[in-house]
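Geometric and topological summary
What follows is each chain in one-letter form.
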Amino acid sequence: MTPAQCRAARMLAGISQAELAGVAVVPATLTTDYETGVGMPEPSDLDAIQSELEWAGIEFINGGDRPGVRLRK
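These notes cover the structure that comes with them. Predicted model, so just to flag it, every value in this text is computed and none were measured.

Concerning the nonpolar core
Counting 15 residues, the largest nonpolar core has M1, C6, I49, L53 and F60 as the members making the most contacts within it. Those elements that provide at least two residues to this core are α1 (3-13), α2 (17-24), α3 (28-35), α4 (43-55) and β1 (58-61). The residues touching F60, leaving out its near neighbours within four places in the chain, are M1, Q5, A9, Q50, L53, E54, G68 and V69.

Okay, here's the thing in structure tokens:
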């Protein structure tokens, strides 16, 4: 999951950075730093964030050179 995918997925799910951090049980600054390119989370934190977004109905598209996100049908 790229920072842009994280930001887009969160917005598509309609949740704030703080809400995402809360359900993923990571520091609130971690989501902000990652989405803005300031920091890179530990792999376990990134997995937790992505898992929560997927639980919220987000599907990650990683085809070719155009990664993206969409709502699951």
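What to know about the side chain of R10
Mapped onto the fold, R10 is located in helix α1. Here I15 takes part through its backbone oxygen, which lies 3.1 Å from a polar atom of the side chain of R10. The residues contacting R10, other than those within four sequence positions of it, are I15, S16, Q17, L20, E35 and L53.

With respect to α4
Owing to its 3.6 residues per turn, the α-helix aligns residues three or four sequence positions apart on the same side. The end-to-end C-alpha separation of α4 is 18 Å, in line with the 18 Å expected for 13 residues at 1.5 Å each. Taken together, the buried positions of α4 are L46, I49 and L53. An end-on view of α4 places all buried positions within 65 degrees of arc, on one side of the element. Those residues of α4 that are exposed and aimed more than 90 degrees away from the buried face are P43, S44 and W55. For α4, the elements touching its buried residues are α1, α2, α3 and β1.

About the criteria used
- Residues numbered from 1 in each chain as written.
- Predicted model: local features only at pLDDT ≥ 70, side-chain atom pairs only at ≥ 80, totals over all residues.
- Heavy atoms only, no water.
- Core = buried A, V, L, I, M, F, W, Y, C linked by side-chain atoms within 4.5 Å.
- Buried < 20%, exposed > 50% of the residue type's maximum accessible area, 1.4 Å probe, protein only.
- Helix = DSSP H or I, 4+ residues; strand = E, 2+ residues; numbered from the N terminus.
- Contact = heavy atoms within 4.5 Å.
- Polar contact = N/O pair within 3.5 Å; in protein donor to acceptor, adjacent residues only side chain to side chain.
- Expected span 1.5 Å × (residues − 1).
- Arc of directions from axis to C-beta.

By themselves, these observations are geometric and do not establish any function.
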